[in-house]
Amino acid sequence: MKFIALLLVALLPTHWEPDFEHAKKLAKEKNELILLNFSGSDWCVPCIVMHRDYFNNTVFTTMADDNLIMVNADFPRKKKNIGSPDQVKRNEALAERYNKEGLFPFTLLLNADGKVIKTWKGKPDVSAEQWAQEVKNICDAQK
């Protein structure tokens with residue numbers, strides 16, 4: 001039974017917190033870091049690959065569940081994929097603060113106060129497993 005529960009947890013997608021302010025509150029409560037990812041989910045091929053190969057990788061999701069509050073600031077182009085006006089406004093505010101260059105994908109590791117600890121421009125140049133370990137090492141060093 002325990003194996004089945006673990007298998008189900010491993011198959012669940014990573015939870016993305018839609019509200020950055022709420023993510024900061026959760027990060028403080030849980031003593032975790034925030035991983036903020038800027039993506040173009042319906043037009044940016046490297047973004048799509050990053051979500052498929054990195055964020056949906058079992059090693060990464062297991063690590064993230066124990067160490068990170070995940071926030072995805074998505075900037076889709078197709079009308080059907082655009083979020084609510086409130087979500088668009090929140091994402092634009094995040095971009096103004098953390099991604100003035102308009103890079104996609106662009107990933108940041110932040111502390112609970114929103115201070116940048118580490119950034120990755122584009123897709124990581126290591127495997128998903130190696131990247132998950134790199135992120136975990138940073139998380140461990142911050143505790």
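Provided above is the structure to which this section pertains.
In this report, the structure presented in the accompanying data block is examined. Fair warning: this is a prediction, and the values are worked out from it, not measured in the lab.

Rules of the game
- Residues numbered from 1 in each chain as written.
- Predicted model: local features only at pLDDT ≥ 70, side-chain atom pairs only at ≥ 80, totals over all residues.
- Heavy atoms only, no water.
- Axes fitted to C-alpha atoms, helices over the stretch in contact; angles between N-to-C directions.
- Helix = DSSP H or I, 4+ residues; strand = E, 2+ residues; numbered from the N terminus.
- Parallel < 35°, antiparallel > 145°, perpendicular 65-115°, else oblique.
- Left-handed = near helix turned anticlockwise from the far one by under 90°.
- Contact = heavy atoms within 4.5 Å.
- Expected span 1.5 Å × (residues − 1).
- Buried < 20%, exposed > 50% of the residue type's maximum accessible area, 1.4 Å probe, protein only.
- Arc of directions from axis to C-beta.
- Core = buried A, V, L, I, M, F, W, Y, C linked by side-chain atoms within 4.5 Å.

**Brief notes about the packing of helix α4 (residues 58-67) against helix α6 (residues 128-142)**
Here is step 1: Axis separation between α4 and α6 bottoms out at 9 Å; the angle between their running directions is 15°. Taken together, the axis directions place α4 and α6 in an arrangement best described as roughly parallel. Where α4 crosses over α6, the two elements pack in a sense that is left-handed. Counting all contacts with α4, which are made through V59, F60, M63 and N67, the residues of α6 involved are E129, W131, A132, V135, K136, C139 and D140.

**A closer look at α6**
Here is step 1: The terminal C-alpha atoms of α6, which comprises 15 residues, lie 21 Å apart, in line with the 21 Å expected from a rise of 1.5 Å per residue.
Here is step 2: What α6 keeps buried is the set A128, W131, A132, V135, I138 and C139. Seen end-on, α6 carries its buried residues on one side only, within an arc spanning 125°.

**Things to note about the nonpolar core**
Note that soluble globular proteins tend to have their nonpolar side chains buried in a common cluster.
Here is step 1: Within the largest apolar cluster, 18 residues are counted, with the highest numbers of intra-cluster contacts made by L35, F60, L68, L109, W131 and V135.
Here is step 2: Breaking this core down by element, the ones donating at least two residues are β1 (33-39), α3 (45-55), α4, β2 (68-74) and α6.
Here is step 3: At six residues, α6 tops the list of elements feeding residues into this core.
Here is step 4: Other than its neighbours up to four places away in sequence, V135 contacts M63, L68, L109 and W120.
Here is step 5: The next biggest cluster of nonpolar side chains, apart from the first, holds 17 residues, and it includes F20, A73, L108 and L110.

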